[in-house]
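Chains, contacts and geometry: an overview
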Amino acid sequence: MAEITITHELLRLLAERTCFTVPERGLVFFGFRGLLPLDVTGTDFSSGHRARLVTPDNQHMRCTLGQWRPENGVLALFPGSTVPNLKAIQSARASGGIGANMLMLGRYGYDRGVHKAGKPTGHRAFRQGMFFPVWRNADDLDFDLADRLDISGRVPDQYPWDNLHCAYHDNVDTPAFSSNGCQVVAGRPTMPANGNLPESGPWARFVANAYGVDASGQAHFPYLLFSGTEAGLVSAKPQSSLTRSLRFGSQGEWVTAVQNALRTNGFPFLEADGDFGRDTLESVMGFQAETFGASQADGVVGPNTAGALQIPWPPIATTLAAATPTVRSGATVAGVPGEWLTSAVEITPGFEVRGDPYLGVSDDFDEMGISCGALQWNIGSNSLQPMVRATGKDVVMSAMPTLGADLWRACEKETGVRAALAIVRGWQPNKKLPTTALTELARLMGTTEMRAQQQLRISAVGERALTAATKWAANCGRNTPSKREFLWFFDLTTQNGGLEGLSPRDINAFIAQNSSTGAADAVCEFLAGLSGPSGHIKDAHKNAELWRTTPNGLPLELLVLSYLRSASAVPKWRHVVLNRKGAIATGGGWVNSERYDFSTALNT
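Residues numbered from 1 in each chain as written. Predicted model: local features only at pLDDT ≥ 70, side-chain atom pairs only at ≥ 80, totals over all residues. Heavy atoms only, no water.

Let's talk about the overall build of the protein chain
What counts, and what does not: Only runs of H or I of at least four residues qualify as helices and only runs of E of at least two qualify as strands under DSSP, and these elements are numbered from the N terminus. Residue contacts are defined here by distance: any two heavy atoms, one from each residue, within 4.5 Å place the two residues in contact. All accessibility values rest on the Shrake-Rupley procedure with a 1.4 Å probe; residue burial counts only the protein chains present in the view. Counting rule for charge: Lys and Arg are taken as positive, Asp and Glu as negative, and neither His nor the chain ends is counted. The atom standing in for a charge is NZ when the residue is Lys, CZ when it is Arg, CG when it is Asp and CD when it is Glu.
Helix and strand counts for the protein chain come out as 21 helices and 23 strands. Summarising its shape, the C-alpha atoms of the protein chain cover approximately 90 × 60 × 45 Å along the three principal directions. For the protein chain, the proportion of contacts with a sequence separation of at least 24, taken over those separated by at least 6, is 67%. Carbon and sulfur atoms provide 52% of the accessible area of the protein chain, an area that totals close to 24700 Å². Put simply, the protein chain has 54 plus and 56 minus side-chain charges, and the middle of one group is 4 Å from the middle of the other.

Looking at the sheet that holds strand β3 (residues 35-37)
For clarity, the cut-off: Two strands pair if DSSP finds at least two bridges between them. Note on geometry: axes are C-alpha line fits, over the in-contact stretch for helices, and angles between N-to-C directions span 0 to 180 degrees.
Reading across the sheet, the three strands line up as β1-β4-β3 and stay open at both edges, with antiparallel pairing between neighbours. The sheet is open, and its two edges are formed by β1 (3-7) and β3, each paired on a single side. Geometrically, the sheet is characterised by an average inter-axis angle of 40° between neighbouring strands, direction not taken into account. Pairing of β3 with strand β4 (residues 48-53) involves three bridges; the strand directions are antiparallel. Directly across from L36, in β4, lies its bridge partner R52.

Observations concerning the packing of aromatic side chains
The description of two aromatic rings rests on the distance between their centres and on the angle between their planes. Heads up, the rule is: Pairing of aromatic rings covers Phe, Tyr and Trp, the last through its six-membered ring, and needs centres within 6.5 Å; plane angles under 30 degrees mean stacked, over 60 mean edge-to-face, and all others mean tilted. Only Lys NZ and Arg CZ are tested; either one counts as a charge over a ring when it is within 6 Å of the ring centre and within 35 degrees of the ring normal.
With the rule as written, the count across this model stands at 27 aromatic pairs. Each ring, one from F126 and one from Y211, has its centre 5.5 Å from the other, and the planes form 50°; the classification is tilted. Taken as a pair, F126 in strand β9 (residues 123-128) and Y211 in helix α3 (residues 201-211) lie far apart in primary sequence, 85 residues in all. These aromatic residues form a ring-pair network of at least three members: F29, F78, F126, W203, F206, Y211 and F221. Above the face of the Y211 ring, R112 is positioned so that its terminal group lies 4.7 Å from the ring centre. Over the face of the ring belonging to W590 we find K542, whose NZ or CZ atom lies 3.8 Å from the ring centre.

A look at the pattern of salt bridges
Two side chains bearing opposite charge may form a pair once their charged atoms approach each other closely. What counts, and what does not: A pairing counts as a salt bridge when a side-chain nitrogen of Lys or Arg comes within 4 Å of a carboxyl oxygen of Asp or Glu. Under the scheme applied here, a residue whose accessible area is under 20% of the maximum for its type counts as buried, over 50% as exposed, and between as partly exposed, the area being computed with a 1.4 Å probe on protein chains only.
Inspection of the entire model under this criterion finds 25 salt bridges. Close ionic contact of E282 with R278 constitutes a salt bridge, the shortest N to O distance being 3.4 Å. In this pair, E282 and R278 are both assigned in helix α6 (residues 278-292), four residues apart and thus about one turn of the helix distant. For the salt bridge of R548 with E525, the shortest nitrogen-to-oxygen distance reads 2.9 Å. Placement of R548 in the loop between α18 (535-546) and α19 (554-566) and of E525 in helix α17 (residues 519-528) is noted, with a sequence separation of 23 residues between them. For R548, a relative accessible area of 31% translates into the label partly exposed.

Topic: the nonpolar core
We count it as follows: Definition used in this section: a nonpolar core is a set of buried Ala, Val, Leu, Ile, Met, Phe, Trp, Tyr and Cys residues joined via side-chain atoms within 4.5 Å.
Membership of the largest hydrophobic core comes to 81 residues, with the highest contact counts inside it found for I370, L407, W427 and F486. Here this core takes eight residues from α19, the largest share from any one element. When near neighbours in sequence (up to four residues on either side) are disregarded, I370 contacts S362, D363, W377, N378, I379, L384, L407, V424, W427, Q428, L433 and L441. Judged by nonpolar contacts, the second largest core, of 55 residues, contains F29, F248, L262 and F276.

Focus on the packing of helix α5 (residues 253-263) against α6
The test is simple: Angles below 35 degrees are treated as roughly parallel, those above 145 as roughly antiparallel, those between 65 and 115 as roughly perpendicular, and all remaining angles as oblique. A clockwise turn of the near helix away from the far one marks a right-handed crossing, whereas an anticlockwise turn of less than a right angle marks a left-handed crossing. The residue classification treats Ala, Val, Leu, Ile, Met, Phe, Trp, Tyr, Cys and Pro as nonpolar and Asp, Glu, Lys and Arg as charged. All others, Gly included, are polar.
Put simply, α5 and α6 touch, their axes get as near as 11 Å, and they point 55° apart. Classed by the angle they form, the pair α5 and α6 counts as oblique. Every pair of crossing elements has a handedness; the one defined by α5 and α6 is left-handed. Contacts between α5 and α6 involve V258, Q259 and L262 from the former and T280, S283, V284 and F287 from the latter. The residue inventory of the contact of α5 with α6, partitioned by class, reads four nonpolar, three polar and no charged.

Section: the packing of helix α14 (residues 448-475) against helix α15 (residues 483-495)
For any two helices packed against each other, the geometry comes down to the angle between their axes and how far apart the axes lie. Running from amino to carboxyl end, α14 crosses α15 at an angle of 120°, the nearest separation of the two axes being 8 Å. With respect to each other, α14 and α15 are oriented oblique. For the pair α14 and α15, the crossing hand works out as right-handed. Contacts between α14 and α15 involve I458, V461, G462, R464, A465, L466, A468, A469, W472 and A473 on the former and, on the latter, E485, F486, F489, F490, T493 and T494. Of the residues assigned to the contact of α14 with α15, the class counts are 11 nonpolar, three polar and two charged.

Re unusual backbone geometry
In the Ramachandran plot, N382 falls in the positive-phi region, its phi being about 65° despite a non-glycine side chain. Checked against the element boundaries, N382 lands in the loop between β21 (377-378) and α9 (385-391). In this structure N382 comes out as partly exposed when scored by relative accessible area, which is 37%. With phi around 50°, N592 is a residue other than glycine that occupies positive phi space.

Overview of the sheet that holds strand β7 (residues 102-103)
The sheet built from three strands is open, its strands ordered β7-β10-β11 with antiparallel pairing. This sheet does not close on itself; its edge strands, each paired only once, are β7 and β11 (148-150). Bridge count between strand β10 (residues 134-136) and β11: three bridges; the pairing is antiparallel. Bridging across to β11, W135 finds its partner in L149.

Listed below in C-alpha cells is the structure:
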C-alpha cells in the first residue's frame, strides 16, 4: 500500500486546489476518505505524519480525521471513518437509503455539542453546523454515481444530523465502528452507559484538543473532507501544476465564473455569489446530468465540466510557502514553545545557510560526502539516508532527474556508508558540488515530503535539547530553563551531541580559578592567542574583543560552558565550535565571517 506524508503544505495545496477558505487562526478539522495514519493511536501536533492509502470496506475504520493549526504549520492525525458502517447500509436499503448516508467531499462546519443528547450513549462531540449533501444508497452496498445525492435538507430540523463523534470502538483491525453516516474517530467516550469512564483511545486526544485550553474557547470548526486519492495525487507532484476541482464549500472568483456560466446555460435562478452552496450544487448536478448523463453527475467542477460550460480552466501553478511556519504565542511543538523552536531554526541553520535553511546543501568539505537541509543531515553519519528513503523514490527521481538514481542507490539500506560516500563523491571534483547537483539536491530538500521529514527531525532535536536544558537548569538550581539555554543546547544537540561529562561544578571551578582576571577574559585570551590565516581565526579574534565584557549570570555561565565543551572537539575545529556556541551564549558574535546579533531572539 502506498504511503504519503500529510503535511501543512499538502493541506494548503489541497485547499488551494479546491478553493476552500482556511481561517488564519484557530483549529481546523479535516478528513481523508481511504487514508489511514500509520500511527493508529493518534498523534501529537507536528508538521507532518505518515499515512497509507487504503480502500474503505464499511466494516473497518479506514479513514483519517485530523486537526490542523494553519498559523503554526502543524497537524495531528487520528484513525476513524468517514463512511457508514455496513450494517447501517444494509438496514437502510429497505427504506430507499434513508437511515444511512455518506457525506459528499467538501467543506463543512461543526459546532461543539452533544451527540445523542439525553441517551445513555450520549457524549460531548461536534454537532452538524450547516446543511450537508449526502449520498443515499438503495440498490447495493456501496456508494457510486448510480446512487442518489440527497440535497433536500434546507433547515436544521431536516438535517441528517451527521455529527462528528467517537466510534465507540478503538481497534482498526477488527470490523466494528458506530456510524450511520457521521464522521467518527476511533476511541470511546465518557457517557452514562459506561459509568462515565474517562474518554479513551485517539478520541480522547481529539476531543481534548478541541475542548481544552489550547482551543481558546473556539466553538465552531471548519471541516475539510478530501479523498485519499487526491491527497496522493497532490503529494506526488507538489511543485507541478494542479488541476482545480470545485465542489460543495468552494468559494471565490472561480465559483462565481461557474455560477455565471450556469446562469447562461439554463439556470437563471442561481445567484452568482462566489459560494458553492446547495443551489450551486443542484445546478451543477443538473447541468452534468443533461450534458454527460445522470450516471456522470458527481457535483464536482473540473476541466470536463468547465469545458462544457466554456470556462477557461488553467492549471494552478503551485508554490511552496516559507519553510518555517509562524507559531502563535503559547503554542508548542513536541513540547517546545513554538517561538523557541522558530528561533532555533533561524539561528543554528543560519550559521551555515543563507536564505531558506531547508534548502541548504554543502559539499564534502567536512568528509561527510554531502550535507543537506536545515540541520545539515549528511551521508557520512548516515543521517540523510533514512530521510531520503522515507521521502520515497518517486519524489527523489522527480526532483533529481539527473542524479536521483545515484542518490537513491546511495541511500538504500543495503548500501553501506563507505559505498554511499563513494557515490556522492563521484559528483564532486575537488570536493565541490557542480551546479546540477546543487540545484537538484536543493529541489529535493524543498519538496513537501522532504520538508516534512526535516521538520519531524527538527522537532525531535528540539525535544532532546529542551530535556538537556531543563536538566542543566535544575542542576544549577533553577526551576526551568530560559530560551537562551534552550537555543544553546539546540545548537549543541545538532552539532556536537552532549556535554561530555561537564557539570555546573566545572563552570564554578573555572570562574573561581580565574577570579583575578575574570572568566570572560580567560576565554577571550585563548581566542586572541590563536594564529592562522583562516576566516574562523579572524572571527575568533573579533569575538575576543566582543566578549570580554560578558556580564555575570547566565551569559557568562554559558560562555564558560562553551569554552570547556569546545575542548572536546577535534582540535582544528575547537575555535569554530567556540565561536558559534559563544555567540549564542553572549547574544551575538562573529561566525563564518559574519556578525550575528541574537539580542532580539533571546528577549522574546
